[in-house]
Amino acid sequence: DGDSLQVAAGTITENISIKDKNITISGGYDSTGTTPDAGTTVLDGQYHTASVIDVNNSTVTFSNMEITGGNSSNGGGMNVANNSQVILNNIHITGNTGEFGGGMYIRTGAEVTMTNHTNIDNNTATNLGGGVRIYGGVLTCQGTYSDISDNSAIDGGGVAVTGGELHLINSDIE
């Protein structure tokens, strides 16, 4: 617990499950994992039937990554559940699909904070929440350029909130 993981720039084809952890995962490093700003780290789920990232009962900070290619009934890009606390710092969630929450699904008791140029765009849900589906959880978008835009769904193209909370602080939903 309290670990840090530095991920090399490039595309990683993987679906990741994080359970019962306290971890910081930062992308954009060189191949040795020591020098930051070496490029973009892309986590690509290749549209398998799972979220690209599944966070369960964990405290996680993600930095400097793109999350794409997810395809899940709940949260194509990211599914955050069971009292998890997630910080997204300079993250781009794009090109994911799901029935509920194309980009992200936030479940009861979970909290997600978007900061520092974190954007959720160009995701699709076949039902609710093209960008984000909040079902009892909390999403806080804070800071200029941490926005949700150009997502699509039958209801709640940007965000669909049921029994949860959405806080916008100098951020936009378009």
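The structure under discussion appears in the preceding block.
Residues numbered from 1 in each chain as written. Predicted model: local features only at pLDDT ≥ 70, side-chain atom pairs only at ≥ 80, totals over all residues. Heavy atoms only, no water.

Engineer: Would you take a moment to explain the sheet that holds strand S19 (residues 159–162) for this structure?
Structural biologist: Through backbone hydrogen bonds, the strands of a sheet pair up, either in parallel or in antiparallel fashion. Spatially, six strands are ordered S3-S6-S9-S12-S16-S19 in an open sheet, and the strand pairing comes out parallel. In this open sheet, the two edge strands, each paired with only one partner strand, are strand S3 (16–19) and S19. Across the sheet, the mean angle from the axis of one strand to that of its neighbour is 5°, orientation sign disregarded. (Pairing = 2+ DSSP bridges. Helix = DSSP H or I, 4+ residues; strand = E, 2+ residues; numbered from the N terminus. Axes fitted to C-alpha atoms, helices over the stretch in contact; angles between N-to-C directions.)

Engineer: Is there a simple way to think about the sheet that holds strand S8 (residues 71–74) in this case?
Structural biologist: The sheet built from three strands is open, its strands ordered S8-S11-S15 with parallel pairing. Both outer strands of the open sheet, S8 and strand S15 (124–128), are each paired with one neighbouring strand and no more. Adjacent strand axes in the sheet meet at a mean angle of 10° when their direction is disregarded. When S8 meets strand S11 (residues 97–100), the two strands line up parallel, connected through three bridges. By the bridge assignment for S11, Asn71 is matched with Thr97.

Engineer: Explanation requested: the environment of Asp30 in the structure shown.
Structural biologist: Relative to the elements of secondary structure, Asp30 occurs in the loop between strand S4 (22–29) and strand S5 (41–44). Sequence separation of Asp30 and Gln6 is 24 residues, and the distance between their C-alpha atoms is 9.0 Å. If sequence neighbours within four positions are ignored, Asp30 has contacts with Ala8, Thr35 and Ala38. A polar contact is formed between the side chain of Asp30 and the side chain of Thr32, at a distance of 2.8 Å. (Contact = heavy atoms within 4.5 Å. Polar contact = N/O pair within 3.5 Å; in protein donor to acceptor, adjacent residues only side chain to side chain.)

Engineer: What should I look at first to understand the environment of Asn170 in this one?
Structural biologist: With respect to the helices and strands, the residue Asn170 is situated in the segment after strand S20 (165–169). Looking at Asn170, the relative accessible area reads 63%, which means it is exposed. Those residues within four positions of Asn170 in sequence are excluded, and the remaining contacts are Gly143, Thr144 and Tyr145. (Buried < 20%, exposed > 50% of the residue type's maximum accessible area, 1.4 Å probe, protein only.)

Engineer: Looking at this structure, how should I read unusual backbone geometry?
Structural biologist: Excluding glycine, most residues fall at negative phi; most peptide bonds, likewise, are trans. A positive phi angle, near 60°, is found at Asn64, a position not held by glycine. Of note, Asn64 is situated in strand S7 (residues 59–68). Notably, Asn90 is not glycine yet its phi reads approximately 55°, a positive angle. Within the element layout of this structure, Asn90 appears in strand S10 (residues 85–94).

Engineer: Is there a simple way to explain the environment of Val159 in this structure?
Structural biologist: Assignment of secondary structure puts Val159 in strand S19. Between the C-alpha atom of Val159 and that of Gly101, which follows or precedes it by 58 residues, the distance is 8.0 Å. Apart from the residues within four sequence positions on either side, Val159 is in contact with Val132, Ile134, Ile148, Leu166 and Ile173.

In short, shape yes, function no, at least from these values alone.
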